[in-house]
Each structure stands twice: as C-alpha cells, then as structure tokens.
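So you can see what is in the structure, the chains are spelled out below.
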Amino acid sequence: MSADTTPTTDQLAGRATTVLARLGVDLDGAERGNVISRSPINGETLAQLAATTAGDVDTALTTASEAFLLWRSVPAPRRGDLVRRLGELLTEHKTDLATLVTLEAGKIESEALGEVQEMIDICDFAVGLSRQLYGRTMPSERPLHRLSETWHPLGVVGVITAFNFPVAVWAWNTAVALVAGDTVVWKPSEITPLTALACTALLDRAIRDSNAPSAIHTLLQGARDVGERLVDDPRVALVSATGSVRMGRAIGPRVAARFGRSLLELGGNNAVIVSEAADLDLAVRGIVFSAAGTAGQRCTSLRRLIVHRSIAEELVARIADAYRQLPIGSPLAAGTLVGPLVHEAAFRAFEEALEKAQSDGGKIVVGGNRVLAESAPQAYYVEPTIVTMPQQTSVVHDETFAPILYVLTYDTLDDAIELNNAVPQGLSSAIFTTDQREAELFMSAAGSDCGIANVNIGTSGAEIGGAFGGEKETGGGRESGSDSWKGYMRRATNTVNYSSELPLAQGVNFS
Ligand code: NAD
C-alpha cells in the first residue's frame with residue numbers, strides 16, 4: 001500500500017528553514033559549499049553548506065585541547081548542570097528537532113520523536129552520572145595502606161556519526177563525554193549537516209546559559225577527509241566512530257597506530273530466532289517493527305529470521321500479510337510507517353542484494369519493488385521484502401542497509417544459535433519463546449555471541465540505560481548507559497602509605 005503524498009522541494013526547504021530558525025540556526029549568511037543536505041523524501045536539495053577546512057580542523061583541535069584544561073577542573077556535578085540545561089532545551093525543541101530528522105534522514109514522525117527522546121533520556125542519565133563517577137577501594141595487602149582507583153577526564157573526544165541516527169548518537173557520546181570532563185569535536189555524517197547545526201546551536205545555548213567554556217564542543221562539517229583528520233591527530237584522545245564496518249576497518253588501525261583509543265560502533269546483521277514455543281502474535285509484531293521500521297536502516301534492524309521448520313510457513317505468511325498492509329510514503333504524511341531509503345546508492349544495494357539472493361536460490365515472498373518512482377523520481381521508496389533462503393549464503397552474511405528480511409529454517413535450537421552466530425557481525429539478536437530453558441540457553445555463554453541478546457522483543461529499539469554495542473565486526477565498543485562512561489575516562493590506581501614503614505608488595509625485601 002502506498003501513501004502518495006510526496007511534498008515539493010519548496011515545501012520541504014521552507015519547512016527546514018522555519019524549523020532551523022526556531023532551533024537558532026540561520027542559514028542566510030552561511031557559506032555555500034559541497035556539503036549537500038538532500039531530503040530523502042523527494043531527493044531534492046534542502047541546503048548546501050561549506051565543509052570545514054583542514055586549517056579550521058587544526059584550530060578546532062587546538063581550542064578544544066585548551067578548553068579541556070579548564071573543563072577537566074570543573075567539578076563533575078557542575079558539568080552535569082550544563083548537560084541538564086541541554087536536556088531542557090531538547091525537551092523544549094523536541095518536535096522541531098524531530099521534524100528536521102524526518103526532513104534530512106527520512107524517519108517517520110514517531111521514530112524521529114523517539115530519537116530525540118533518546119537524547120533527552122541520555123541527558124538525564126548523564127546528569128545522574130555526574131555524581132556517580134565512582135572509583136573502587138580495594139583491600140591493600142600492606143598494613144596502613146590504602147589502595148584505590150580514581151577516574152579522570154581523558155581529553156578531546158572526536159565523535160564521528162552515521163546518517164541514520166543523526167542526533168541520538170551524538171547525544172549518547174556528547175552528554176557522557178561532557179560530564180566525564182572531556183571536550184568534544186563532532187564530525188557528523190555529510191548526509192545530515194542540518195540536524196548537526198541544530199544540535200550544535202542548542203548545545204551552544206546550554207553552554208552560554210551555564211557559563212561553560214565555549215570551545216568544549218565544536219562542529220566540523222564534511223566528508224570522510226574531515227573525519228580522517230580526527231583519526232590521525234594525536235590531540236584526539238578518543239575517536240568514537242559510528243558507521244559501517246568499512247569505515248571501522250579503515251580507522252581502527254590508524255587510531256591504534258598512534259596508540260589513541262577508539263570506540264567503534266559498526267554495522268550489524270541481526271537475527272531473531274522463533275521457536276516452536278513462541279507466542280506468534282508477539283513474534284509477528286516484534287519482527288515487523290524490527291525488520292521494516294526505519295525502512296531497514298537501523299544498525300539493529302532485523303535482517304535474518306531463523307524460524308523452526310514446523311511453524312515457518314505460518315509465521316512467514318503472517319509477516320507477509322502484515323507487510324502488504326504497511327503504508328509506504330512520505331514520512332511527513334500521517335499514517336506512513338515506511339519512509340524512503342536514504343539515497344540512490346542504498347536503492348542500488350537493495351536491488352543487488354535481491355538479485356544475488358535469488359541467484360543463490362532465494363525466493364521473494366513479498367515486496368522487492370521500488371514504489372512512488374513517478375511522483376518522486378529522485379527519491380527511493382521500496383517495499384519491505386521477505387526472501388526465503390535455502391541456506392545462509394554470502395549475501396546473507398552482508399549487511400544491506402535496506403528492508404530485506406532473509407528467512408532460514410532450523411530443526412534444533414543448537415542449529416539456530418549456530419546460524420545466529422555464523423555471520424561476521426555481532427550487534428543485536430533475539431529469541432521468541434515461552435520456554436525458559438530456550439531463553440536462558442540463548443542468553444548464556446553457549447548462546448548468542450552478540451552485544452545484545454533479547455527475549456520476546458525484537459532486535460531494534462534499545463533503551464539508553466543499558467550499554468549499547470556489539471562484538472566481532474561490529475567493533476566491540478559500548479556507548480550510552482551502564483558503565484560505558486568508563487570508555488570516556490582514564491583510570492589511575494592510587495596506593496597511599498599512611499604508616500611510618502615502607503613495606504614492599506609481595507613481601508620483597510630491599511633493605
Ligand atoms: P558510513 O560508514 O558511510 O559513515 C559513517 C561516518 O563515518 C560518516 O560521518 C562518514 O563521513 C565517516 N567516515 C567514513 N569513512 C571514514 C574514514 N575512513 N575516516 C573517517 N571517517 C569516515 O556509514 P553510514 O552510511 O552513514 O551509516 C550506516 C552504517 O552505520 C551502517 O553500517 C550501520 O549499521 C552503522 N551504524 C552502526 C551503529 C552502531 O551503534 N553499531 C549505529 C548507527 C549506524
């Protein structure tokens with residue numbers, strides 16, 4: 001089903017300008033250049049911005065390094081005051097920022113609002129954290145000695161983000177890094193420069209309102225070459241990079257070569273196992289949201305359905321039925337559930353994957369087509385697609401950033417877990433079952449090898465309270481909640497001798 005209500009370029013650009021003005025961004029005086037914001041809704045240009053020059057990156061790193069010397073000495077709870085103010089501004093401007101996410105990344109309204117809510121939630125979390133950057137005290141083996149650890153700010157954090165979570169991933173990093181006492185330089189996706197301007201304008205306001213040093217956050221616009229400068233510069237203590245495995249493979253070794261730290265949040269290839277004991281009503285709802293939501297453009301999107309052979313036919317028929325009823329169209333139109341792919345290259349990848357899957361013996365059950373091409377020739381809307389596969393061939397091992405769900409069948413849970421783990425990525429996974437033994441096994445050391453292992457919910461839509469990230473080619477990084485803050489700080493171990501003797505550890509005698 002299609003909701004053919006594609007807006008005109010003037011309507012989209014006008015809306016972007018109005019929303020940006022309310023968020024504190026005026027594009028009138030901005031220099032034009034080759035950073036192009038193109039709305040996936042109709043594929044037309046919203047704005048053209050100049051990329052940050054090499055000289056400007058250098059200056060930004062100098063000022064961020066200088067600001068760090070001030071910021072690291074501000075008490076953490078006072079740093080939390082700034083993040084609280086950011087959270088207030090985000091709450092005030094939630095709808096406008098979400099509209100911009102829709103215009104620039106193509107997310108439907110509800111998901112765009114959800115993304116901004118994640119920003120507000122992480123600000124709350126980080127404010128609490130600003131009073132809880134705990135170190136431990138351990139028993140010393142020596143009398144009248146105290147052994148403890150303290151956590152200190154790390155330095156300048158370079159944040160590189162992907163197009164598909166243009167605002168939340170910045171907030172995950174920035175809110176936590178700022179309360180940790182770090183300063184931030186942000187290189188957003190070149191596809192979403194306007195949302196980056198809006199986030200920066202709100203943070204700048206929060207900085208002014210809290211009398212914090214202005215250079216604790218700097219925005220660098222541009223493509224990969226701008227990101228590469230952060231990767232190679234020793235002034236950047238931590239490179240926190242979110243994006244494709246290809247990007248992580250390029251930057252991981254470069255940061256390591258200069259002994260910098262990296263936090264990599266890369267691609268996923270997420271699976272759901274549906275057992276004979278599953279509540280199928282629940283499973284269908286979880287699967288459809290995870291696989292078709294965001295038009296399959298989440299790192300946690302469901303790409304592989306591993307279903308027990310005895311229920312495969314029924315389950316696939318029910319999901320296919322739900323897919324046929326999904327309204328596809330402009331994410332600005334009420335009722336749309338599936339918006340556009342981000343650009344033509346994403347559509348070509350969708351087409352190629354389907355061709356390859358079919359040549360590997362796959363059969364398309366539903367979907368597979370581009371829609372709305374006449375009303376929006378520069379935009380790429382596709383039908384969420386289900387393909388049954390005879391086995392997990394190489395195309396299933398790849399992350400295709402589009403709504404394709406491959407279906408595989410299994411006979412024993414061990415086989416299902418083996419299929420789940422047999423891909424190079426390790427981000428998210430889930431099992432639908434009412435059998436506790438199956439659920440526990442799936443979450444055990446012998447179960448899913450992913451950073452996220454859920455039971456009776458889909459693979460996408462994580463809460464900020466948990467640590468987010470994945471294993472293997474997903475990069476091993478953890479962001480957001482739990483103790484992920486430790487990645488943004490350095491640890492010092494302190495031994496204090498308050499005796500009048502000097503006993504050596506391990507009983508060593510050196511007198
Ligand atoms: P991408 O890899 O094309 O780009 C991501 C960012 O990296 C952009 O800002 C880009 O300019 C920059 N970049 C690319 N190559 C670089 C290099 N060599 N040096 C420095 N910077 C470089 O990814 P994308 O298409 O924007 O986003 C989609 C991908 O991101 C998917 O693979 C998705 O799974 C992944 N992703 C992962 C997570 C996660 O938390 N694991 C979250 C969101 C997206």
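Not measured: the values here are computed from a predicted model.

Draft legend 1. Expanded view of the domain arrangement of the protein chain. Its domain assignment divides the protein chain into domain 1 (9–266 + 475–491) and domain 2 (270–466). Centre-to-centre, using C-alpha coordinates, domain 1 lies 30 Å away from domain 2. At the junction of the two partners, domain 1 supplies 29 residues and domain 2 supplies 27 residues. Both sides together, the interface formed by domain 1 and domain 2 hides about 2100 Å², and carbon and sulfur atoms give 65% of it. Counting the surface domain 1 buries against domain 2, the share from its top three residues, Ile41, Ile108 and Glu111, is 25%. In this structure, the connection of domain 1 to domain 2 is made through 1 salt bridge. We note a salt bridge from Glu111 to Arg298, for which the minimum N-O separation is 3.0 Å. At the junction of domain 1 and domain 2, the tally comes to 8 residue pairs in polar contact (both at pLDDT 80 or more). For the side of domain 1 that touches domain 2, the elements supplying multiple residues, two or more each, are helix 1 (9–23), helix 4 (94–105), helix 5 (109–129) and strand 24 (479–480). With 6 residues, the single largest contributor to the side of domain 1 that touches domain 2 is helix 5. Counted by class, the side of domain 1 that touches domain 2 contains 12 nonpolar, 8 polar and 9 charged residues.

Draft legend 2. Spatial organisation of the sheet that holds strand 5 (residues 145–153). Across the sheet, which stays open at both edges, the 3 strands sit in the order 4-5-25 with antiparallel pairing between neighbours. In this open sheet, the two strands that pair with only one neighbour each are strand 4 (137–138) and strand 25 (489–497). Here strand 5 pairs with strand 25 via 9 bridges, running antiparallel. Each bridged residue has a counterpart across the sheet, and for His152 the counterpart in strand 25 is Arg490.

Draft legend 3. Up close: the nonpolar core. Counting residues in hydrophobic clusters, the biggest one holds 140 residues, and the most contacted among them are Leu97, Val274, Ile287, Leu305 and Tyr323. The greatest single-element share of this core, amounting to 11 residues, is contributed by helix 6 (residues 168–180). Two domains each put at least three residues into this core: domain 1 (9–266 + 475–491) and domain 2 (270–466). With residues up to four places along the chain from it excluded, the contact list for Val274 reads Leu280, Ala283, Ile287, Leu305, Ile306, Val307, His308, Ile311, Leu315, Tyr410 and Phe432. Of all hydrophobic cores here, the second largest spans 20 residues; its members include Leu61, Ile160, Val255 and Leu264.

Draft legend 4. Region of the structure containing the UniProt feature "domain: Aldehyde dehydrogenase" (unreviewed entry) in the protein chain. Mapped onto this structure's residue numbering, the UniProt feature "domain: Aldehyde dehydrogenase" (unreviewed entry) falls at residues 35–491. Between the C-alpha atoms that bound residues 35–491 there is a distance of 39 Å. The span itself is 41% helix and 21% strand.

Draft legend 5. Summary view of a nonpolar patch on the surface. Residues Leu502, Leu504, Val508 and Phe510 make up a contiguous nonpolar surface patch of roughly 470 Å² in combined accessible area. With respect to the secondary-structure elements, Val508 resides in the segment after strand 25. The exposure class of Val508 is partly exposed, given its relative accessible area of 45%.

Draft legend 6. Inspection of the environment of Ala21 at higher detail. As for its position among the elements, Ala21 is in helix 1. For the pair formed by Ala21 and Ala198, sequence separation is 177 residues and the distance between their alpha carbons is 9.2 Å.

Draft legend 7. Inspection of the environment of Asp28 at higher detail. Assignment of secondary structure puts Asp28 in the loop between helix 1 and strand 2 (35–38). Remark: the alpha-carbon pair of Asp28 and Thr17, spanning 11 residues in sequence, is separated by 9.5 Å.

Draft legend 8. Focus on helix 7 (residues 193–209). Counted at 1.5 Å a residue, the expected span for helix 7 with its 17 residues is 24 Å, and the 24 Å between its end C-alpha atoms agrees. The element helix 7 is largely enclosed, with a buried count of 12 among its 17 residues. Considered for burial, the residues of helix 7 that qualify are Pro193, Leu194, Thr195, Ala196, Ala198, Cys199, Thr200, Ala201, Leu202, Leu203, Ala206 and Ile207. Within two residues after helix 7, Asn211 carries a phi angle of roughly 55°, on the positive side.

Draft legend 9. A look at the UniProt feature "active site" (unreviewed entry) in the protein chain. Here, UniProt's "active site" (unreviewed entry) annotation points to Glu265. You can call Glu265 buried: its relative accessible area is 4%. Beyond its immediate sequence surroundings of up to four residues, Glu265 is in contact with Ala241, Thr242, Gly243, Phe468, Gly469, Gly470, Thr474, Gly477, Arg478 and Glu479.

Draft legend 10. Examining the site of the ligand more closely. The ligand sits among 29 residues. The nearest are Lys187, Glu190, Ser244, Leu266 and Glu399. Here an oxygen atom of the ligand and a side-chain polar atom of Arg246 are 3.4 Å apart. Within the contact set of the ligand, an oxygen atom lies 3.4 Å away from a side-chain nitrogen or oxygen of Glu265. Calculation on the ligand without its partners gives an accessible area of 850 Å², and the protein chains cover 92% of this total. For the shell around the ligand, the secondary-structure elements that each account for two or more residues are helix 8 (224–232) and helix 9 (245–257). If one sorts the elements of the shell around the ligand by residue count, helix 9 sits on top with 4 residues. Counted by class, the shell around the ligand contains 13 nonpolar, 9 polar and 7 charged residues. Of the residues that make up the shell around the ligand, three or more belong to each of domain 1 (9–266 + 475–491) and domain 2 (270–466).

Draft legend 11. Highlighting the pattern of salt bridges. For the structure on display, the rule yields 24 salt bridges. In this structure, Asp81 and Arg78 form a salt bridge, with 2.7 Å as the shortest nitrogen-oxygen distance. With Asp81 and Arg78 both in helix 3 (residues 76–92), this residue pair falls 3 residues apart, about one helical turn. Residue class for Arg78 comes out partly exposed when judged on its relative accessible area of 44%. The partner of Arg235 in a salt bridge is Asp233, with the nearest N and O atoms 2.8 Å apart. By relative accessible area, which is 28% here, Arg235 ends up partly exposed. The exposure class of Asp233 is buried, given its relative accessible area of 14%. What you see here is one network of salt bridges that share partners, running through Arg224, Glu228, Asp232 and Arg254.

Rules of the game
Residues numbered from 1 in each chain as written. Predicted model: local features only at pLDDT ≥ 70, side-chain atom pairs only at ≥ 80, totals over all residues. Heavy atoms only, no water. Domains from an automatic or database assignment. Contact = heavy atoms within 4.5 Å. Buried area = accessible area lost by both parts, 1.4 Å probe. Salt bridge = Lys/Arg side-chain N within 4 Å of Asp/Glu carboxyl O. Polar contact = N/O pair within 3.5 Å; in protein donor to acceptor, adjacent residues only side chain to side chain. Helix = DSSP H or I, 4+ residues; strand = E, 2+ residues; numbered from the N terminus. Nonpolar A, V, L, I, M, F, W, Y, C, P; charged D, E, K, R; others polar. Pairing = 2+ DSSP bridges. Core = buried A, V, L, I, M, F, W, Y, C linked by side-chain atoms within 4.5 Å. Buried < 20%, exposed > 50% of the residue type's maximum accessible area, 1.4 Å probe, protein only. UniProt positions renumbered as here; feature names shortened; annotations may be inferred. Patch = residues over 30% accessible without salt bridge, like charges linked within 9 Å, V, L, I, M, F, W, Y side chains within 5 Å. Areas by Shrake-Rupley, 256 points an atom, 1.4 Å probe, with all protein chains shown as cover. Expected span 1.5 Å × (residues − 1). Near = heavy atom within 4 Å.

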